[in-house]
Structures are given as C-alpha cells and as structure tokens.
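Summary of the model geometry
Chain by chain, the residues run as shown.
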Amino acid sequence: AMAGASIMEVGAMGAAGHEAGGSALDFIERTAMDAQVSSKEIQRVAREAKNQVRYPGGGISRDLSLVARLIAGGMTTRIYYVSQGGYDTHANQNGSHARLLGDLTGALKAFRDDLRAQGNYERVLVMTFSEFGRRVAQNSNGGTDHGTAAPLFLVGPKLNPGILGAYPSLNPNDLDKGDLRHTTDFRSVYATVLQGWLNLPPSASADILGRNFQTLPLGIG
C-alpha cells in the first residue's frame with residue numbers, strides 16, 4: 001500500500017497503537033494545547049487548507065487528512081499524534097484485524113500522496129506505536145490475548161527500508177512463555193527519532209527516556 005515510500009519495520013519489539021479511538025475534534029483539542037499557537041489559529045488553518053487527494057473512509061483517514069491540512073497550512077507543530085482503536089482483539093480477530101490494517105494502509109497511502117502533492121513529503125516521518133502486542137497462540141474465542149512484543153513501523157522518504165532486528169520465530173520452542181522474543185528496545189527507536197529527526201542532543205533524549213539508549217541505523221540522522 002506504500003509503493004514508492006521507504007518502510008522500515010522494527011521487528012518484535014518490547015511492548016511498546018493506542019486503543020482509545022479519537023475524533024478529529026479530539027485531535028484539534030489536543031493540538032490546541034500547544035502554547036505557541038491559539039486554538040482559533042488551528043481551527044482556521046484546518047478550515048482553510050485543502051487536501052490534495054481523496055482519503056478513504058474511517059477515523060484514521062479523517063485524522064490524517066486533518067494533519068495533512070495543518071501541515072499544508074503552515075502550522076509549526078513538530079509532532080502530530082493520531083490513534084486507531086480496535087486492535088484489542090481477544091475475539092474474532094481474523095476479520096477485524098484485516099479490516100483495521102486495510103484502513104491503516106489506505107489512510108497512510110492517501111496521507112503520503114497528499115504530502116507529496118503539497119511538496120512536504122520530504123519533511124515528514126511517520127511512526128506507529130502500541131502499548132502492547134499480542135500472544136502467538138489463538139485463544140478459545142478466535143482471538144489473541146495481550147503479548148509483550150509487537151512490530152513498529154516507520155514510513156518516510158529518508159529511511160533505510162527493510163526489517164531492523166531478527167524476524168521473530170513462531171516456533172513454540174523459540175517463544176518467551178508464549179510471547180514473541182523481542183530483539184529491539186522500543187526506546188532505542190524513540191532515541192533515534194529524537195536525535196536523528198528532531199535534532200535533540202543525546203542529553204535531552206536521555207532526560208525524556210530516563211537514560212541513554214543506543215540509537216539505530218534508520219537512516220534519518
């Protein structure tokens with residue numbers, strides 16, 4: 001779904017999207033807390049800026065289309081956050097998980113195309129995160145329960161594409177008490193983004209994360 005973009009998957013990370021869904025209005029209200037701009041300015045930009053492509057349906061598409069308009073309108077905000085709920089698939093995972101991933105890839109493709117049409121694609125890095133992964137084995141309800149490792153994706157033009165870390169084994173003998181064995185600490189990804197993309201010094205990154213973490217060869221800094 002992201003043809004032409006570099007995609008980096010950080011495989012089998014320690015428990016690191018956000019389950020609570022959020023409307024575009026919720027996002028505007030969160031963004032309005034930025035002390036550098038007023039909520040009226042945010043609402044004006046969101047109203048006046050136009051998307052250059054058509055987005056598919058769904059909450060994640062609506063939120064990313066709003067982010068694209070804010071970027072097009074010249075907002076100085078450096079970090080935008082949107083959420084896609086529904087991944088807590090304890091039951092009937094097969095259909096719902098495929099639908100969620102389809103919504104996500106469709107929204108990301110439209111967002112990518114929108115940024116390219118604006119001329120802003122080179123300026124944007126997309127990172128996914130979640131507070132937990134899933135177990136490997138299916139439960140009795142056709143779903144999976146909470147696990148301690150999950151993939152994390154980064155999307156952008158300057159990334160080294162591919163998988164970082166070992167591809168996780170699904171062999172029961174290779175699992176950690178039923179969970180995937182993670183090969184990358186998610187805080188190393190955060191440290192790399194903070195230092196390589198947001199240009200923070202290592203000391204500031206350590207203050208945010210609690211200590212220093214090794215940066216990764218993502219190609220962004």
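Residues numbered from 1 in each chain as written. Predicted model: local features only at pLDDT ≥ 70, side-chain atom pairs only at ≥ 80, totals over all residues. Heavy atoms only, no water.

Things to note about helix α6 (residues 202-209)
Applied cut-off: Partly exposed residues are those whose accessible area sits between 20% and 50% of the maximum for their type, while under 20% is buried and over 50% is exposed, using a 1.4 Å probe and protein chains only. By the criteria applied, helices consist of DSSP H or I runs no shorter than four residues and strands consist of E runs no shorter than two, each listed in order from the N terminus. The arc in question is the one spanned by the directions pointing from the helix axis to the C-beta atoms. The contact definition used throughout considers only heavy atoms, calling two residues in contact when any of these lie within 4.5 Å.
Every buried residue of α6 is accounted for by Ser205, Ala206 and Leu209. Buried residues in α6, looked at end-on, bunch into an arc of 100°, giving them a common side. Along α6, exposed side chains directed more than 90 degrees from the buried face belong to Asp207 and Ile208. Tucked into the core, α6 has its buried residues touching α5 (186-197). Just downstream of α6 lies glycine 210, where phi reads positive at about 95°.

Re the nonpolar core
The criterion, for reference: Joining through side-chain atoms within 4.5 Å is the link that ties buried Ala, Val, Leu, Ile, Met, Phe, Trp, Tyr and Cys residues into a set, and such a set is a nonpolar core.
Tyr55, Leu64, Ile71, Phe111, Leu115, Val124 and Val126 are the most contacted members of the largest nonpolar core, which totals 18 residues. Listing elements by their share of this core, those giving two or more residues are α3 (59-72) and α4 (93-118). When near neighbours in sequence (up to four residues on either side) are disregarded, isoleucine 71 contacts Tyr80, Phe111, Leu115, Gln118, Asn120, Arg123 and Val124. Core analysis: the next-biggest nonpolar cluster, separate from the first, contains 16 residues, Leu164, Val193, Phe213 and Leu216 among them.

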